[in-house]
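# Overview (structure and organization)
Residue strings, one per chain:
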Amino acid sequence: MTTTSNRNISTSTVRSSFLPFLAGIAFGIASSILYTRVICSRNQKSSSSSSSLWLQPPSTLPRFAQEILSNHHHTNTEKISNDDSNGESTNASSPNTALSSENWTEVRLREWEDLNWRDANGWQGRDLCHNPQGLGVRILHYYYKASSKEMVGVVWFGPHAESHRGLCHGGAMTSLMDDFCGHLAFLHSTSGQPWSGATVQVNVSLKKPVKVGSILRIIGRIDKHEGRKIYVHATLDDGGGDNNGGSSIDGEEQNKDPLVYATLEGLSIDGVKMSQHEDPVSKRTWEVEVCEHSGRLQRRDSGWKLL
Ligand SMILES: CCCCCCCCCCCC(=O)SCCNC(=O)CCNC(=O)[C@H](O)C(C)(C)COP(=O)(O)OP(=O)(O)OC[C@H]1O[C@@H](n2cnc3c(N)ncnc32)[C@H](O)[C@@H]1OP(=O)(O)O
């Protein structure tokens, strides 16, 4: 009797303490499933929306970039001349002054745009700054003016240029400067051949953080040409007046003077043969043509006719 009574007591004690425990586990599992689903779906939404925001540069460029593009519609041709190339400083105006609309040629290389052709002609990857699918720092347009030895570019800092919490890596800015220095020197080169030369010094001063997603301007000129050495000065800025995504850390949204993000003092050596490939690419020359679609002058590589 006593034993049966004890057994009943113990069974009901186990039941009364075990059932809430089971219910607690069931509730915990249900909650965690629900929580995981909600959080995952939120994360998926936010990652897909941020990706779609950043996978391409914005379809509408900021005003300064539109002005650069629209200012360079020409129908006249300019002879690219390097007659004044040796041993003198240029009288080019400061790169921060407003761009005159005359005699700028668009710079295009087939290997920046035609990826299938690139793969078939000696390249092994994608251009760090000119990959049309690139998500790091991407140069959208380059224009060159031979008379003043200046070049200007429109640049997008994509999500793969990020370093710290939405701000870009200093190396992304420096890669851009390296490219700018090399190609401006290329355009001024007395060898007259694309890919004949090398950048050997890129002294970059980082002045202001760049936000991921920024569209900025790079503008610069040849400062000096001594023998094979071509010295380049350049500035990365917001183009003035219409800051689209440049650092707003200071709360500056509208400004007249360009905000400067970085400056370059660079050196390229003319006529260095970096690649040993002997093929049609190594025999290219530069030429100036009027683009049949936009009417703009293009300084482009004779390789565009290789097909
Ligand atoms: C048109 C360009 C288009 C450039 C086109 C570039 C296209 C753009 C692409 C983006 C930029 C790049 O990626 S370019 C790739 C990254 N760069 C590199 O990989 C370059 C690595 N460096 C090298 O391989 C080597 O240094 C070379 C091959 C460039 C060296 O050429 P070299 O022909 O032997 O030159 P060398 O006689 O030594 O020197 C010639 C003069 O330059 C000076 N010099 C040489 N190196 C340096 C240096 N680091 N810093 C200061 N000065 C230097 C010498 O003192 C000398 O001055 P003096 O005695 O005459 O007064």
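This write-up is about the structure you can find in this document. (Residues numbered from 1 in each chain as written. Predicted model: local features only at pLDDT ≥ 70, side-chain atom pairs only at ≥ 80, totals over all residues. Heavy atoms only, no water.)

Counting secondary structure elements, the protein chain contains five helices and 11 strands. For the protein chain, buried positions account for 42% of its 307 residues. Put simply, 72% of the contacts in the protein chain that link residues at least 6 apart link residues at least 24 apart. Here the protein chain displays about 16,400 Å² of accessible surface, and carbon together with sulfur accounts for 52% of that area. (Helix = DSSP H or I, 4+ residues; strand = E, 2+ residues; numbered from the N terminus. Buried < 20%, exposed > 50% of the residue type's maximum accessible area, 1.4 Å probe, protein only. Contact = heavy atoms within 4.5 Å. Areas by Shrake-Rupley, 256 points an atom, 1.4 Å probe, with all protein chains shown as cover.)

What follows is about the state of the cysteines. According to the stated counting rule, one finds zero disulfides in the structure shown. Summary of cysteine pairing: Cys-168 is not part of a disulfide, and the nearest cysteine sulfur, belonging to Cys-129, is at 12 Å. No disulfide involves Cys-181; its sulfur sits 12 Å from that of Cys-129, the nearest cysteine. (Disulfide = S-S within 2.5 Å.)

Near the ligand lie 22 residues; those nearest to it are Thr-199, Gln-201, Arg-228, Lys-229 and Ile-269. At 2.9 Å from a nitrogen atom of the ligand is found a main-chain nitrogen or oxygen belonging to Thr-199. The side chain of Lys-229 places a nitrogen or oxygen atom 2.8 Å from an oxygen atom of the ligand. In isolation the ligand exposes 1,200 Å². Once the protein is present, 54% of that is buried. Of all the secondary structure elements, the ones that give two or more residues to the shell around the ligand are helix 5 (170–188), strand 6 (197–206) and strand 9 (260–270). The biggest single contributor to the shell around the ligand is helix 5, with six residues. (Near = heavy atom within 4 Å. Polar contact = N/O pair within 3.5 Å; in protein donor to acceptor, adjacent residues only side chain to side chain.)

Right, let's get into helix 2 (residues 63–70). Three or four residues apart is the spacing at which side chains of an α-helix point the same way, because the helix has 3.6 residues per turn. Taken together, the buried positions of helix 2 are Phe-64, Ala-65, Ile-68 and Leu-69. One side of helix 2 holds all its buried residues, which, seen down the axis, span an arc of 135°. (Arc of directions from axis to C-beta.)

Turning to the nonpolar core, a few remarks are in order. Where a protein is soluble and globular, its nonpolar side chains tend to be buried together. Of all hydrophobic cores here, the largest spans 38 residues; its most connected members are Phe-157, Ile-218 and Leu-236. Of all elements in the fold, only strand 2 (137–145), strand 3 (150–157), helix 5, strand 7 (215–226), strand 8 (229–237) and strand 9 reach the threshold of two or more residues within this core. When neighbours within four sequence positions are excluded, Ile-218 is seen to be in contact with Tyr-142, Met-151, Val-152, Gly-153, Val-155, Leu-176, Met-177, Phe-180, Ala-234, Thr-235 and Leu-236. Residues Leu-69, Trp-104, Val-154 and Ile-215 belong to the second largest nonpolar core, which totals 13 residues. (Core = buried A, V, L, I, M, F, W, Y, C linked by side-chain atoms within 4.5 Å.)

The subject of this paragraph is unusual backbone geometry. If you check the backbone angles, Lys-149 has positive phi at about 55° while not being a glycine. Checked against the element boundaries, Lys-149 lands in the loop between strand 2 and strand 3. Note on Lys-149: relative accessible area 3%, which makes it buried. With a phi close to 55°, Trp-195 is a non-glycine residue in the positive phi region. Following the sequence through the fold, Trp-195 ends up in the loop between helix 5 and strand 6. We classify Trp-195 as partly exposed; its relative accessible area is 34%.

Before going further, it helps to spend a moment on helix 5. Look at helix 5: 27 Å from first C-alpha to last across 19 residues, which is about the 27 Å you get at 1.5 Å a residue. Burial analysis of helix 5 places 14 of its 19 residues in the buried class, which makes it a mostly covered element. (Expected span 1.5 Å × (residues − 1).)

Glancing now at the pattern of salt bridges. Note that side chains of opposite charge can pair when their charged atoms are close. Tallied over the entire structure, the rule returns 10 salt bridges. Among the ionic pairs, Glu-226 bridges to Lys-224, the shortest N-O distance being 3.6 Å. A relative accessible area of 36% places Glu-226 in the partly exposed class. Taking relative accessible area as the criterion, Lys-224 reaches 31% and is therefore assigned partly exposed. Linked through salt bridges whose partners overlap, the residues forming this network are Glu-111, Arg-284 and Asp-301. (Salt bridge = Lys/Arg side-chain N within 4 Å of Asp/Glu carboxyl O.)

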